[in-house]
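# An overview of the molecular structure
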Amino acid sequence: MTEESPTLYVVPTPLGHLGDMTPRAIEVLRQVPWIAAEDTRHSAPLLRHYGCQARLLAAHQHNEESAAQQVIARLAAGESVALIVDAGTPAVSDPGARLVARVRAAAYRIVPLPGPCAAIVALSASGLSEAHFLFYGFLPSKAGQRAEALRELAHLPYALVFYEAPHRILETVAALAEAFGPERTLVLARELTKLFESIHACALGEAQDWLLADSNRQRGEFVLLVSGAPRVEEAAEGERVLKLLLDDGLSVSQATRLAHAISGVGKKALYQRALLLQG
């Protein structure tokens, strides 16, 4: 570290595998006099592992405003501070955004470090081909609010990225299938970088049975990735192909199956459209 002015460093920490800590992150954590941590008890063993001697202050979702004032006070005293969360990158579905905003408003320097982020790790291994993605994070825990949020996302042509806890995984997957239909692809990335890491892709309509087939599949922290809704031009192409097949005398089910294979549009939507065309 060569910066002379007091600085807030935003430092990602490993999702699980200790080898994912970058040399730069270790250097920063070893040299700053203060570390603001989401859970000081959780972070203490990690910091000891890397030989970090900084003093800790708590900065979690319930005290972020007061923690920001403590950080600003340290910066005003000429001391740099590193911000960490329990795992991954601060402020990405974790505490940190409000603290960073207060420090920025106080005109102190902020230096972000690159490093682990569960959403990006999962996306890189998902195989989803959409050119764009939308990171949502955690859906509302209440069923009605969750359903409303998913209705607003259902038409988007982007890959959708969610976080979910193990005790809500079954109900969330059921809600995704209800809102998006059974045919869009779901990727379940679980326990990333840890001993029991697994990444499984299937149709949304098959995900519930896959989870129920083995209770171990419901354990750990999840990243859920859903393929995007077909674009308008894709849907139009699917209907064009469907009409040609029906005009050639194929049955509704045969035309639906072939139109899906050719266009990639969901079978359910094509089948319903075929019934209307035949009617």
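First, a word on scope: everything that follows refers to the structure included in this document.

The next thing to look at is the overall build of the chain. Within the chain, the secondary structure is distributed over 11 helices and 10 strands. Taking the principal axes of the C-alpha coordinates as reference, the chain spans close to 80 × 40 × 35 Å. Taking all 279 residues of the chain together, 43% fall into the buried category. Looking at the chain alone, contacts between residues at least 24 apart form 70% of all its contacts between residues at least 6 apart. Summed over its atoms, the accessible surface of the chain is roughly 14,200 Å², and 52% of this surface lies on carbon and sulfur atoms. Averaging the locations of the 26 positively and 30 negatively charged side chains of the chain gives two centres separated by 3 Å.

We now examine the packing of helix α6 (residues 143–153) against helix α7 (residues 169–180). Axes are the key here: two packed helices are described by the angle between their axes and the distance separating the axes. Where α6 contacts α7, the axes come no closer than 9 Å and their chain directions differ by 40°. Taken together, α6 and α7 sit at an angle that is classed as oblique. In the packing of α6 onto α7, the handedness of the crossing is right-handed. Seen from α6, the contacting residues are Arg-146, Leu-150 and Leu-153; seen from α7, they are Glu-171, Thr-172, Ala-175, Leu-176, Ala-179 and Phe-180. For the contact of α6 with α7, the residue count by class is 6 nonpolar, 1 polar and 2 charged.

Another point: the sheet that holds strand β8 (residues 185–190). Note: strands within a sheet are paired through backbone hydrogen bonds, in either parallel or antiparallel orientation. Strand order in the open sheet formed by 5 strands is β6-β7-β10-β8-β9, with mixed pairing between adjacent strands. With partners counted over all chains shown, the strands left at the sheet margins are β6 (133–138) and β9 (198–203), one partner each. With strand direction ignored, the average angle separating the axes of adjacent strands in the sheet is 15°. Sheet analysis places β6 next to strand β7 (residues 159–164), joined by 5 bridges and oriented parallel. Note on β7: the bridge partner recorded for Phe-138 is Tyr-163. Sitting on the sheet, helix α8 (residues 204–212) touches β8, β9 and β10 (222–226), and the angle it makes with β9 is about 135°.

Attention now goes to the layout of surface pockets. When its volume is computed, the largest pocket comes out at roughly 850 Å³. Every residue lining the largest pocket is counted, 30 residues in all, and those nearest its centre are Asp-86, Ala-87, Gly-88, Asp-94 and Glu-221. For the lining of the largest pocket, the element with the highest residue contribution is helix α2 (residues 40–49), accounting for 3 residues. Per-class residue counts for the lining of the largest pocket are 15 nonpolar, 6 polar and 9 charged. Size it by volume and the second largest pocket reaches roughly 550 Å³. Lining the second largest pocket are 27 residues; nearest its centre among them are Arg-184, Gly-228, Ala-229, Pro-230 and Gly-266. Mapped by element, the contributors of at least two residues to the lining of the second largest pocket are α7, α10 (252–263) and α11 (267–278).

The subject of this paragraph is α7. Taking 1.5 Å per residue as the helical rise, α7 with its 12 residues ought to reach 16 Å, and the 16 Å between its terminal C-alpha atoms agrees with that figure. Contacts from the buried residues of α7 go to α6, β7, β8, α8 and β10. Where α7 ends, the next residue or the one after it, Gly-181, has phi of about 95°, a positive value.

Basis of the calculations
Residues numbered from 1 in each chain as written. Predicted model: local features only at pLDDT ≥ 70, side-chain atom pairs only at ≥ 80, totals over all residues. Heavy atoms only, no water. Helix = DSSP H or I, 4+ residues; strand = E, 2+ residues; numbered from the N terminus. Buried < 20%, exposed > 50% of the residue type's maximum accessible area, 1.4 Å probe, protein only. Contact = heavy atoms within 4.5 Å. Areas by Shrake-Rupley, 256 points an atom, 1.4 Å probe, with all protein chains shown as cover. Lys, Arg positive; Asp, Glu negative; His and termini not counted. Charge placed at Lys NZ, Arg CZ, Asp CG, Glu CD. Axes fitted to C-alpha atoms, helices over the stretch in contact; angles between N-to-C directions. Parallel < 35°, antiparallel > 145°, perpendicular 65-115°, else oblique. Left-handed = near helix turned anticlockwise from the far one by under 90°. Nonpolar A, V, L, I, M, F, W, Y, C, P; charged D, E, K, R; others polar. Pairing = 2+ DSSP bridges. 1 Å grid on protein atoms, 1.4 Å probe; cavity = no way out; pocket = protein on both sides within 12 Å on 5 of 7 lines; lining within 4 Å. Points joined across faces, edges and corners; volume = space filled by probe spheres on them. Expected span 1.5 Å × (residues − 1).

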